[in-house]
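# Secondary and tertiary structure notes
Each chain is listed here by its residues.
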Amino acid sequence: MSKLLVKPEDGYGRITHVTPENAGWQYVGFDLHRLRPGDKVSAETGHREVCLVFVSGKGSVAAGGTEFGTLGERMSPFDGVPAAVYVPGGSDWSVSAETELELAVCSAPDPAGNLPPRLIAPSDLSKETRGSGTNTRYVTNILPEDQPAQSLLVVEVITPGGHTSSYPPHKHDEDNLPHESLLEETYYHRLNPPQGFAFQRVYTDDRTLDESMAVEDGDVTLVPKGYHPCAACHGYDLYYLNVMAGPRRTWKFHNATEHEWLLNAG
């Protein structure tokens, strides 16, 4: 199995655990907690900021001494938009599940810890449609670069069955602003119906990295560098939650030159 493909554990609790140490990079962390009603999870943020994303289900949230109450308006990532909470470094958070709950914990460096915890309500989220034809996908911006954070960028995307996404292939692995930013990235994949699968390729121009993966419901893919397109198979919609972070908090990407003509195709 590819070293870029992270399979979830069975059962409940923390079922996915990606850290800079086990991913072999510097910035992005990603945990996925599957909770039963009444289960509770909590943590201190240390020198990292966190974005808690309610992938599905409802729970009550406290962070940095603030009670945010019950959050979560959807029972499936394919139905509506999420609620989220931003928690800075040097703080703490806790979530108590009120229904079956899938909670994503997205993290990145924040040595300053000078922002307050805040609710990112569903009504605060911007949505957009990208692409056309069978390259159409639907984007919800959870923590984009025009909203306060130190390192994190968080977005979710739904790609209909038979469509491509993160396509034409693009990369963001060079600290070369204003042309390109260096951002590590994780993809948390879900499929609807869940028995489906999709494909993701991660590759560099010189092909020193070139891996193609069949991703199943609950898988996480790591993108340390290179291009990273996805394809959803006919009959199975693909959801993914992206977490990005790097030395500078901006998303500037470079399209694969040989495929850039697709931007002008119908």
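Structure: above.
Within every chain, residues take consecutive numbers counted from 1 along the sequence as written. Owing to the predicted nature of the model, reporting of local features is limited to residues with pLDDT of at least 70; listing and counting of side-chain atom pairs is limited to 80 or more, with chain, interface and lining totals taken over all residues. Hydrogens and water molecules were not included; the side-chain quantities draw on all heavy atoms of the structure.

### What to know about unusual backbone geometry
- In this structure, the amide linkage connecting Tyr167 to the following residue, Pro168, adopts the cis form with an omega of 0°.
- In this text, helices come from DSSP runs of H or I with a minimum length of four residues, and strands from runs of E with a minimum of two, each type numbered from the N-terminal end. Structurally, the position occupied by Pro168 is in the loop between strand E15 (164-165) and strand E16 (170-171).
- Leu177 connects to Pro178 through a cis peptide bond whose omega is 10°.
- Topologically, Pro178 is positioned in the loop between strand E17 (173-176) and strand E18 (180-182).
- A positive phi is found at Ser166, a non-glycine position, where the angle reads about 50°.
- Positive phi, close to 65°, is recorded for Arg207, a residue that is not glycine.
- Structurally, the position occupied by Arg207 is in the loop between strand E20 (197-203) and strand E21 (210-216).

### Some words on the sheet that holds strand E4 (residues 40-44)
- If you walk across this open sheet you meet the four strands as E4-E9-E6-E7, and the pairing is antiparallel. Bordering the open sheet on either side are E4 and strand E7 (66-71), each of which pairs with just one other strand. Along the sheet, successive strands turn relative to each other by an average axial angle of 10°, direction set aside. Only strands that DSSP links by at least two bridges are regarded as paired with each other. Inter-axis angles, ranging from 0 to 180 degrees, are taken between N-to-C directions of lines fitted to C-alpha atoms, where helices are fitted over the stretch in contact.

### A word on the pattern of salt bridges
- Throughout this description, the term salt bridge denotes a Lys or Arg side-chain nitrogen within 4 Å of a carboxyl oxygen of Asp or Glu. Scanning all chains against the criterion turns up 14 salt bridges.
- Note that Arg34 and Glu102 form a salt bridge whose closest N and O atoms lie 3.5 Å from each other. Of this pair, Arg34 sits in strand E3 (residues 29-35) while Glu102 sits in strand E10 (residues 101-109), placing them 68 residues apart in sequence.
- To sort residues, take the accessible area from a 1.4 Å probe on protein chains only and compare it with the maximum for the residue type: under 20% means buried, over 50% means exposed, and anything in between is partly exposed. Judged by its relative accessible area of 23%, Arg34 falls in the partly exposed class.
- By relative accessible area, which is 8% here, Glu102 ends up buried.
- Between Arg248 and Asp175 there is a salt bridge; the shortest N-O distance is 2.5 Å. Highlighted residues: Arg248 in the loop between strand E24 (237-245) and strand E25 (254-255) and Asp175 in strand E17, separated in sequence by 73 residues.
- When its relative accessible area of 40% is taken as the criterion, Arg248 is described as partly exposed.
- Taken together, the shared-partner salt bridges in this structure form one network comprising Arg34, Glu102, Arg190 and Asp217.

### Comments concerning the packing of aromatic side chains
- Any two of the Phe, Tyr and Trp rings considered here, Trp counted by its six-membered ring, make a pair once their centres fall within 6.5 Å; the pair's planes then place it as stacked at under 30 degrees, edge-to-face at over 60, or tilted in between. As enumerated under the stated definition, the model contains six aromatic pairs in all.
- Centroid distance Phe30 to Tyr188: 5.7 Å. Interplanar angle 35°. Geometry classified as tilted. Placement of Phe30 in strand E3 and of Tyr188 in strand E19 (residues 184-192) is noted, with a sequence separation of 158 residues between them.
- The class for Phe30 is buried, based on a relative accessible area of 1%.
- For Tyr188, a relative accessible area of 2% gives the class buried.
- Relative to Tyr240, the ring of Tyr187 lies with its centre 4.6 Å away and its plane at 50°, an arrangement referred to as tilted. Separated by 53 residues along the polypeptide, Tyr187 in strand E19 and Tyr240 in strand E24 bring together distant segments of the chain. Side by side, Tyr187 and Tyr240 carry an identical accessibility label, which is buried.

### A closer look at the nonpolar core
- Core analysis: the biggest nonpolar cluster contains 47 residues, and Phe30, Cys51, Val53, Cys106, Val154 and Leu241 have the highest contact counts within it.
- When residues in this core are grouped by element, the largest group, six residues, is from E24.
- It only takes one pair of heavy atoms within 4.5 Å for two residues to be counted as in contact. In this view, Leu241 contacts Phe30, Val53, Val55, Ala104, Cys106, Ile142, Val154, Val155, Glu156, Thr186, Tyr187 and Tyr188; residues no more than four positions away in its chain are not counted.
- Grouped together as the second largest cluster of nonpolar side chains are 18 residues, Ala63, Val87, Val95 and Ala97 included. The term nonpolar core refers to a set of buried residues drawn from Ala, Val, Leu, Ile, Met, Phe, Trp, Tyr and Cys, joined through side-chain atoms within 4.5 Å.

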